[in-house]
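Understanding the architecture of this molecule
Here are the chains, one letter per residue:
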Amino acid sequence: MSKTGWIARFDKLNSERVFATAKESLDWIEQYGHKDGDKEFWDVLPGKNLGPNELLLSDTGIYAGAAGVALLYLRAYAATENNEYLERAKAGINYVISKYNGVDDYKTDSEYLEGAFIGFLNGPAGGAYVAKEIYKLTGEEVYKEYAIRVAEDAIKSAKEEDGTLTWYGCYGIIGEGSLILFLLDIYESLGGEHFLEAAKKAARYIVNKKEDAPQGGYRWYVMPTDTFPTIGKAGGYFPGFEYGAAGCGYILASVYEYTKDEEFLDAAVKASEYILNVADYSQDKKAALVRYNDTYLTDLYYLGVCQGPVGTSRLFYKLYELTKEEKYKEFIVQLTEGLLATGAPAKHSEGYWRTNCYCCGAAGMLEHFINIHKLTANEKYLDAAYEAAETIIGESTYKGNKLRNWYTAWNRHEPDKSEAYTGLYHGSGGCAAALLSFAHYIGKGKILPAYLEDPYKKLF
């Protein structure tokens, strides 16, 4: 029975229709692919040339570039077993490999957030992660060798400070902190004790940067907001994931998982205490949201992965996984209830502006609802996933030749600047990837190749 009762087009979504919609986006992205033999890259922003210093918009990176589109195609291959998608994923990583400059790719002339330019999301490690995933599928040594080379160069390019490792001091997940997660993943997948040791030393740099929060627990001054172009004022204490306490705690808890060094777990727990203390709770305590910033804009609430409940919950899932303490699972549910209470993803707000992407939009929310349904077995969250998928499809632009994309106002400070990016984290690729994941989940009960910094993959 359709929602209208008589028009089949409005029937409840099923896996076939969701996948067909995702394929329309894959076909749109492929219009902007540039092939050269066994290599391919895709325009980051069709119709515009982007300079090399555009933050997070490298044409090789996993956030916006070829590495991210390659991961999208890897998901499509896992969902369909269509070898054409695997070949496109390989072509994307072949392009990434061809552009790699060794340790020089861990250097930048940027005047701000230098670690974000060389970190996992923008730098070579993102492509190396996807290369490692391709190696796991195919056994082709070239991809294993590239992943190891990038990890080795990451260590070589770091600076040693009092027994710790750092690159530029921008240690959030949006920056170089995510290189620690990459090194841990290489260690787990391919071995090499020196990768674990380097991750441990880089994590100690983050531990040394902790501060006692006035509210209790630990917080970090991750971002020098006075020099950041879209902020321009002091106050860099963020509770959230990509550049805040949740991300720092998540990195440290991840290192503890491999080292069993209690110092890292203690710091991660203290990060969670800070977040619990600054959260705003509903009167019945069933829902919670965490403000964007601790010292200014304290009434602004991001809702996505980067600084919202989707990302923040990941620290609490990691701690729940490590300690089995129910309070962490309870807060994950409270955050999810807080997200739903805002009316998102159908209803937009200041902290969830007109953004259609994985990083800060409904695509990340859709993947979160899938994970929380798997965690809790509560059908409410599967219903939320259906609504999120409907919202994502409804926000798309469909052309009569069966091509589909999404426009997004990626930067909250430029809400009137809406553009159609191709990329995984901030463009149509992320919407397509989330729909692929949802189609696979409701069809087969499984997820597709995951993002490095998503701990919920261990649920499946």
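In case you missed it, the structure is sitting above this.
Before going into details, it helps to say that this report is about the structure given with it. A quick note: this is a predicted structure, and the numbers were derived from the prediction, not measured. Each chain has its residues counted from 1, running along the sequence as written. Whole-chain, interface and lining totals are the exception, using all residues; otherwise, since this is a predicted model, local features are given only for residues with pLDDT of at least 70 and side-chain atom pairs are given and counted only at 80 or more. As a rule here, side-chain values cover all heavy atoms of the structure and leave hydrogens and water aside.

The next subject is the overall build of the protein. Counting from the N terminus, the helices are the DSSP runs of H or I reaching at least four residues and the strands are the DSSP runs of E reaching at least two. Each helix and strand in the protein was counted, giving 15 helices and 10 strands. For 460 residues, the compact-globule formula gives about 23 Å, and the C-alpha radius of gyration of the protein, at 21 Å, lands near that figure. Along the first, second and third principal axes, the C-alpha atoms of the protein reach 65 × 60 × 40 Å. Note on contacts: a residue pair is in contact if any heavy atoms of the two residues lie within 4.5 Å. Taking all contacts inside the protein whose residues are at least 6 apart in sequence as the whole, residues at least 24 apart take part in 67%. When the accessible area of the protein is evaluated, it comes to approximately 17400 Å², of which 46% is carbon and sulfur surface. The distance from the centre of the 49 positive side-chain charges to the centre of the 64 negative ones in the protein is 4 Å. The globule rule used here is 2.2 Å times the number of residues to the 0.38 power, and the radius of gyration it is set against is calculated over C-alpha atoms. The Shrake-Rupley method, run with a 1.4 Å probe sphere, supplies the accessible areas, and residue values consider only the shown protein chains as cover. Positive residues here are Lys and Arg, negative ones are Asp and Glu, while His and the chain termini are left out of the count. The location of each charge is read from NZ of Lys, CZ of Arg, CG of Asp or CD of Glu.

What follows covers the nonpolar core. In this description, a nonpolar core means a group of buried Ala, Val, Leu, Ile, Met, Phe, Trp, Tyr and Cys residues linked to one another through side-chain atoms lying within 4.5 Å. For the exposure calls, accessible area comes from a 1.4 Å probe over protein chains only, and a residue counts as buried if that area is under 20% of its type's maximum, exposed if over 50%, partly exposed in between. Of all hydrophobic cores here, the largest spans 170 residues; its most connected members are Ile62, Phe182, Trp220 and Leu366. Here the element with the most residues in this core is helix 2 (residues 66-80); it accounts for 11 residues.

With that out of the way, let us pick up the packing of helix 14 (residues 379-394) against helix 15 (residues 428-444). Working note: a packed helix pair is described by the angle between its axes plus the distance between those axes. Throughout, an axis means a line fitted to C-alpha atoms (over the contacting stretch in the case of helices), and angles, computed between N-to-C directions, take values from 0 to 180 degrees. Where helix 14 meets helix 15, the closest approach of the two axes is 11 Å, and the angle between their N-to-C directions is 140 degrees. Classified by the angle between their axes, helix 14 and helix 15 sit oblique to one another. Judged by the sense of rotation from one axis to the other, the crossing of helix 14 with helix 15 is left-handed. Across from Leu382, Ala385, Tyr386, Ala389, Ile392 and Ile393 in helix 14, the residues of helix 15 making contact are Cys431, Leu435, Phe438, Tyr441 and Ile442. Only Asp, Glu, Lys and Arg are considered charged in this grouping, and only Ala, Val, Leu, Ile, Met, Phe, Trp, Tyr, Cys and Pro are considered nonpolar; every other residue, Gly among them, is considered polar. Taken together, the residues of the contact of helix 14 with helix 15 break down into 11 nonpolar, no polar and no charged. Roughly parallel refers to an angle under 35 degrees, roughly antiparallel to one over 145, roughly perpendicular to one between 65 and 115, and oblique to any angle outside these ranges. A clockwise turn of the near helix away from the far one marks a right-handed crossing, whereas an anticlockwise turn of less than a right angle marks a left-handed crossing.

Now for a nonpolar patch on the surface. The residues that make up patches have over 30% relative accessible area and no salt bridge, and they are joined within 9 Å when like-charged or within 5 Å when they are Val, Leu, Ile, Met, Phe, Trp or Tyr. What makes a salt bridge here is a side-chain nitrogen of Lys or Arg within 4 Å of a carboxyl oxygen of Asp or Glu, nothing more. Among the surface-exposed residues, Trp6, Ile7 and Phe10 lie close enough to one another that they form a single nonpolar patch of about 360 Å² accessible area. Mapped onto the secondary structure, tryptophan 6 falls in the segment before helix 1 (15-30).

This next bit is on the environment of alanine 213. By secondary structure assignment, the location of alanine 213 is in the loop between strand 5 (211-212) and strand 6 (218-219). Spatially, the C-alpha atom of alanine 213 lies 38 Å from that of alanine 389, the residues being 176 residues apart in sequence. Once you skip the residues sitting within four places of it in the chain, alanine 213 turns out to touch Tyr218, Arg219 and Tyr274.

A few words now on the pattern of salt bridges. Opposite charge on two side chains permits them to pair, given that their charged atoms come into close proximity. Counted by the stated rule, this structure contains 26 salt bridges. We note a salt bridge from lysine 23 to aspartate 27, for which the minimum N-O separation is 3.0 Å. Of this pair, lysine 23 and aspartate 27 both sit in helix 1, separated by 4 residues, roughly a single helical turn. Classification of aspartate 27 by relative accessible area gives partly exposed; the value is 26%. Where arginine 219 meets aspartate 294, a salt bridge forms, and the shortest distance between an N and an O atom there is 2.6 Å. Here arginine 219, found in strand 6, pairs with aspartate 294, found in the loop between strand 8 (288-289) and helix 11 (309-323); they are 75 residues apart in sequence, far enough to count as distant. Taken individually, arginine 219 and aspartate 294 each receive the classification buried, so the pair is uniform in this respect. Three or more residues joined by partner-sharing salt bridges are found here, namely Lys132, Glu133, Lys136 and Asp185.

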